[in-house]
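Each chain, written out:
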Amino acid sequence: MTDLIETLIENREMVQPNHANMLEVAHGGNVMKWMDEIGAMSAMRFSGETCVTAHVNRMDFERPIPVGDTAYITAYVYDAGTSSVKVRLVTEREDLRTREREKTTESYFVYVAIDEENDPTTVPELTVDTERGQRLRQVALEGENGDR
């Protein structure tokens, strides 16, 4: 069994001009790619297996991330099935000089654990042993269902 807190990954991507659209902000496709990669890392940390993206719940871009700022991405597993792993992802715009952050994007991805033959394989049971983990899981379940 793997605890939710053990799946928590936080990562930064510096938004460079080659990541930007004509408005000089991060292209949404780049943000989604970064989120997918960090989400997969969280799913693999949980499952101990290679994981592939199976589903992306809505992807809302609430505000842009300008060139020069970072995309601060947080991911954690909040639920699991037989071979599927649900991951909550939040991206924030971060100004490294001021440390100011604002949420830009939130989504819920589903990954499937696969074996060496690329067939679905079982994942462990998710445990939630801390108050912080319980809060994170509750927020994810509410957000997945549109309650937030």
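Nothing here was measured: the structure is a model prediction, and the numbers come from that model. (Residues numbered from 1 in each chain as written. Predicted model: local features only at pLDDT ≥ 70, side-chain atom pairs only at ≥ 80, totals over all residues. Heavy atoms only, no water.)

*Asks:* Just to check I follow, could you spell out the overall build of the chain for this structure?
*Replies:* Secondary structure assignment for the chain yields two helices and eight strands. Its C-alpha atoms give the chain a radius of gyration of 16 Å, within 12% of the compact-globule value 15 Å for 148 residues. Overall size of the chain, expressed as C-alpha extent along the three principal axes, is 45 × 35 × 25 Å. When each of the 148 residues of the chain is scored for burial, the buried share is 43%. Accessible surface computed for the chain: about 7900 Å², of which carbon and sulfur atoms make up 45%. Taking the 16 positively charged and 28 negatively charged side chains of the chain as two groups, their mean positions are separated by 8 Å. (Helix = DSSP H or I, 4+ residues; strand = E, 2+ residues; numbered from the N terminus. Rg over C-alpha atoms; globule rule 2.2 N^0.38 Å. Buried < 20%, exposed > 50% of the residue type's maximum accessible area, 1.4 Å probe, protein only. Areas by Shrake-Rupley, 256 points an atom, 1.4 Å probe, with all protein chains shown as cover. Lys, Arg positive; Asp, Glu negative; His and termini not counted. Charge placed at Lys NZ, Arg CZ, Asp CG, Glu CD.)

*Asks:* Would you take a moment to explain the UniProt feature "domain: HotDog ACOT-type" (unreviewed entry) in the chain for this structure?
*Replies:* Per the UniProt record, "domain: HotDog ACOT-type" (unreviewed entry) is found at residues 5-117. Summarising residues 5-117: 18% helix, 47% strand, and an end-to-end C-alpha distance of 30 Å. (UniProt positions renumbered as here; feature names shortened; annotations may be inferred.)

*Asks:* Help me understand the environment of Val 77, please; the structure alone is not making it clear to me.
*Replies:* Tracing the chain through its elements places Val 77 in strand S5 (residues 70-80). On the accessibility criterion, Val 77 (0% relative accessible area) is buried. Remark: the alpha-carbon pair of Val 77 and Phe 46, spanning 31 residues in sequence, is separated by 7.2 Å. When sequence neighbours within four positions are dropped, the list of residues in contact with Val 77 reads Leu 4, Thr 7, Ser 42, Ala 43, Phe 46, Val 85, Lys 86, Val 87 and Leu 126. (Contact = heavy atoms within 4.5 Å.)

*Asks:* Help me out: how do you make sense of the pattern of salt bridges in this one?
*Replies:* Side chains bearing opposite charge may pair, as long as their charged atoms lie close to each other. In this structure the tally under the stated criterion is 15 salt bridges. Linking Arg 93 and Glu 100 is a salt bridge whose minimum nitrogen-to-oxygen distance equals 3.3 Å. The class of Arg 93 is buried, set by a relative accessible area of 8%. Sharing partners across several salt bridges, the network here consists of Arg 63, Asp 69, Arg 93, Glu 100 and Glu 102. (Salt bridge = Lys/Arg side-chain N within 4 Å of Asp/Glu carboxyl O.)

*Asks:* How should the environment of Asp 115 be read in this particular structure?
*Replies:* Take Asp 115: it is sitting in the loop between strand S7 (100-114) and strand S8 (126-127). Counting along the chain gives 47 residues from Asp 115 to Gly 68, while the straight-line C-alpha distance between them is 39 Å. Here the side chain of Asp 115 touches Glu 117 through a polar contact of 2.9 Å, landing on its backbone nitrogen. (Polar contact = N/O pair within 3.5 Å; in protein donor to acceptor, adjacent residues only side chain to side chain.)

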